[in-house]
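Commentary on secondary and tertiary structure
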Amino acid sequence: MPTLLFDGDPDYRKGSAFCSAMLARGVYFHPKHNMFLCAAHTEADIAAALEAAEHGFATVAAL
């Protein structure tokens, strides 16, 4: 059950920005809670999530 946290983010501002950017692209991550993996995801689902993550990390880098 992975959890995504950012260094120097005690108020979850970076985590919230990352998750909002992901959600804008159709991928739901929670900024303060662990996540559960699903084996039903297709390769296309994973590719879309990775693309959304690139946007999420770019959003955090701009903060």
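See above for the structure.
Residues numbered from 1 in each chain as written. Predicted model: local features only at pLDDT ≥ 70, side-chain atom pairs only at ≥ 80, totals over all residues. Heavy atoms only, no water.

1. Remarks on the packing of aromatic side chains
Counted under the stated rule, the structure contains 4 aromatic pairs. Aromatic side chains F6 and F57 sit 6.2 Å apart centroid to centroid with 70 degrees between the ring planes, which places their arrangement in the edge-to-face category. Taken as a pair, F6 in the segment before α1 (13-23) and F57 in helix α2 (residues 43-61) lie far apart in primary sequence, 51 residues in all. Of the residues examined, F6 reaches a relative accessible area of 17% and is grouped as buried. For F57, a relative accessible area of 43% puts it in the partly exposed group. Seen from their ring centres, F18 and F57 are 4.7 Å apart, and the 45 degrees between their planes marks the pair as tilted. Linking F18 in helix α1 with F57 in helix α2, this pair joins segments that are 39 residues apart in sequence. Judged by relative accessible area, which is 1%, F18 ranks as buried. Joined through ring pairs, the aromatic side chains of F6, F18, F29 and F57 make up one cluster. (Phe/Tyr/Trp six-rings, centres within 6.5 Å; stacked < 30°, edge-to-face > 60°. Helix = DSSP H or I, 4+ residues; strand = E, 2+ residues; numbered from the N terminus. Buried < 20%, exposed > 50% of the residue type's maximum accessible area, 1.4 Å probe, protein only.)

2. Quick notes on the environment of I46
Locating I46 in the fold gives a position in helix α2. Under the relative-accessibility criterion, I46 is labelled partly exposed at 46%. C-alpha separation for the pair I46 and A24, spaced 22 residues apart in sequence, amounts to 16 Å.

3. Some points on unusual backbone geometry
Positive phi values are uncommon outside glycine, yet Y12 reaches one of about 65 degrees. Among the structural elements, Y12 can be located in the segment before α1. On the basis of relative accessibility, which here comes to 28%, the residue Y12 falls in the partly exposed class.

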